[in-house]
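Coordinate inspection notes
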Amino acid sequence: MIDPATASAVIDWSAYRHNLTVLADHVAPATLMAVVKADGYGHGMVEAARQARAAGVTWLGVAVAGEALTLRAQGDRGRLMCWLYGPQEDFTGLVGAEVDLSVSSLAELDRIAAAARSLGRKARVHLKVDSGLSRNGCPVEQWPELCRAAAARTGEVEVVAVWTHLAAAEEPDHPSVPAQLTTFDQAFALAREHGLSPIRHVANSAAAMILPQARYELVRVGIAGYGIDPGVGVADRAGIALAPVMTLRAALVNVKRIPAGAGVSYGHTWIAPRDTVVGLVPLGYADGIVRAAGNRASVVVNDREVPLVGRVCMDQCVVDLGPDSRDRVGDPVVMFGQQGRAVNDFAADCDTIGYEIVTRIGSRVPRVAQVAGSVEVSRDE
Ligand SMILES: *Cc1c(COP(=O)(O)O)cnc(C)c1O
């Protein structure tokens, strides 16, 4: 673990709670599920879950079984859903822990029903239809059969919801949006015809924010809770101001003058065009500063934007502080976040999206909770 004074991801949980509250108001009367998969999008899953509950969130969502079981082991007792399994997944632990389970196929339904039977209890399931993403979910041709099978197993499964996921929610005019909603509505009608009375959920952050017709009874909000716009202009269009939750910061650990013509970092892909001052940042690609950031991204040092020059290394990278630099060892670097650039801007420099940047912050970067101006190292994980 890096010393938090050297580099850390500072997490403003009050901003997270604020974003969730604003988003919950925005989608009402639909209910908000806070998605905390992938270690709470890199912010810390267990603490994200706790904070979401403290903000009044009734549903949590995760991708994989291990995430759901970790939350249960840490004491979370609220509604919790997971949706991605391996071919060998053991469902008894999940059913026993009262985790709501997505079902994308008859095979999954059978295995979940068998687990429920072995425990002598009912599993709560959410039938997922593939309405056009072609990722997970039951193909529409097999949907009637899945509904029939689920309806025939009322002793073992309770069908809580039908659901799907959109391909292009952040582009509200994309033709896939109405096409997927139409397919979904038909799938829901079919479930009703089989005697099921599920709720519906479709929307991710972008849809929850800008597609009211996709909100139904429940929305699954991940990225926006963390204060990151799910797409260019989505938050503006929704009239929502999201507060950044993660700030990736570091201290300069070396500052030196180099002459014009000096090469910087591996391969000398950057040659100082003039005498200048470079600063060493103790974060590299092992910490989530993607290699593509080299010679493309900029960060903030002492309140001014400076470029990352040369290749990003595993543990460190270099900034050009300019010939007039008066920066010193120990001065603050904000890679992105509060008092820095938006993570989406940093991500765009690197040809990626904010989602990928925050979820790839490495495990040796301490997550430090920001508490009303001061900071506190997180101890719970
Ligand atoms: C990750 C995920 C979400 C959350 O998406 P955001 O864009 O982060 O809001 C919702 N639903 C499913 C199925 C997901 O995998």
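As the structure is a computational prediction, the values presented were derived from the model and not from experiment.

Let us look at the packing of aromatic side chains. Within this structure, the stated rule accounts for eight aromatic pairs. Seen in terms of ring centroids, Tyr85 and Phe91 are 4.8 Å apart; in terms of plane orientation they differ by 80°. Their pairing is edge-to-face. Of the two residues examined, Tyr85 and Phe91, each falls in the buried class. Here the basic side chain of Arg200 rests over the ring of Phe188, its NZ or CZ set 4.6 Å away from the ring centre.

In the neighbourhood of the ligand, 13 residues make up the surrounding shell, with Lys37, Tyr41, Ser205, Ile223 and Tyr355 lying closest. Contacts to the ligand include Trp83, whose side-chain N or O atom sits 3.4 Å from an oxygen atom. Between the ligand and Gly222, the relevant distance is 2.9 Å, taken from an oxygen atom to a main-chain nitrogen or oxygen of the residue. Within the complex, the protein chains bury 94% of what would otherwise be the 380 Å² of accessible surface of the ligand. Put simply, the ligand lies in the largest pocket. At the level of secondary structure, the elements contributing two or more residues to the shell around the ligand comprise helix H2 (37-41) and strand S9 (218-221).

As a further point, take the layout of surface pockets. Of the voids in this model, the largest pocket is the one considered here, and its volume is about 950 Å³. In terms of lining, the largest pocket is formed by 49 residues, of which the most central are Ile223, Ile228, Asp229, Pro230 and Tyr355. Of all the elements in the fold, those that place two or more residues in the lining of the largest pocket are H2, helix H9 (205-210), S9, helix H11 (343-349) and helix H12 (354-359). Looking at the lining of the largest pocket, the element that brings in the most residues is H11, giving five residues. Across the lining of the largest pocket, the residue classes tally to 29 nonpolar, twelve polar and eight charged.

Reading the values: the criteria
- Residues numbered from 1 in each chain as written.
- Predicted model: local features only at pLDDT ≥ 70, side-chain atom pairs only at ≥ 80, totals over all residues.
- Heavy atoms only, no water.
- Phe/Tyr/Trp six-rings, centres within 6.5 Å; stacked < 30°, edge-to-face > 60°.
- Buried < 20%, exposed > 50% of the residue type's maximum accessible area, 1.4 Å probe, protein only.
- Lys NZ or Arg CZ within 6 Å of the ring centre and 35° of its normal.
- Near = heavy atom within 4 Å.
- Polar contact = N/O pair within 3.5 Å; in protein donor to acceptor, adjacent residues only side chain to side chain.
- Areas by Shrake-Rupley, 256 points an atom, 1.4 Å probe, with all protein chains shown as cover.
- 1 Å grid on protein atoms, 1.4 Å probe; cavity = no way out; pocket = protein on both sides within 12 Å on 5 of 7 lines; lining within 4 Å.
- Sits in = over half its atoms within 2 Å of the grid points.
- Helix = DSSP H or I, 4+ residues; strand = E, 2+ residues; numbered from the N terminus.
- Points joined across faces, edges and corners; volume = space filled by probe spheres on them.
- Nonpolar A, V, L, I, M, F, W, Y, C, P; charged D, E, K, R; others polar.

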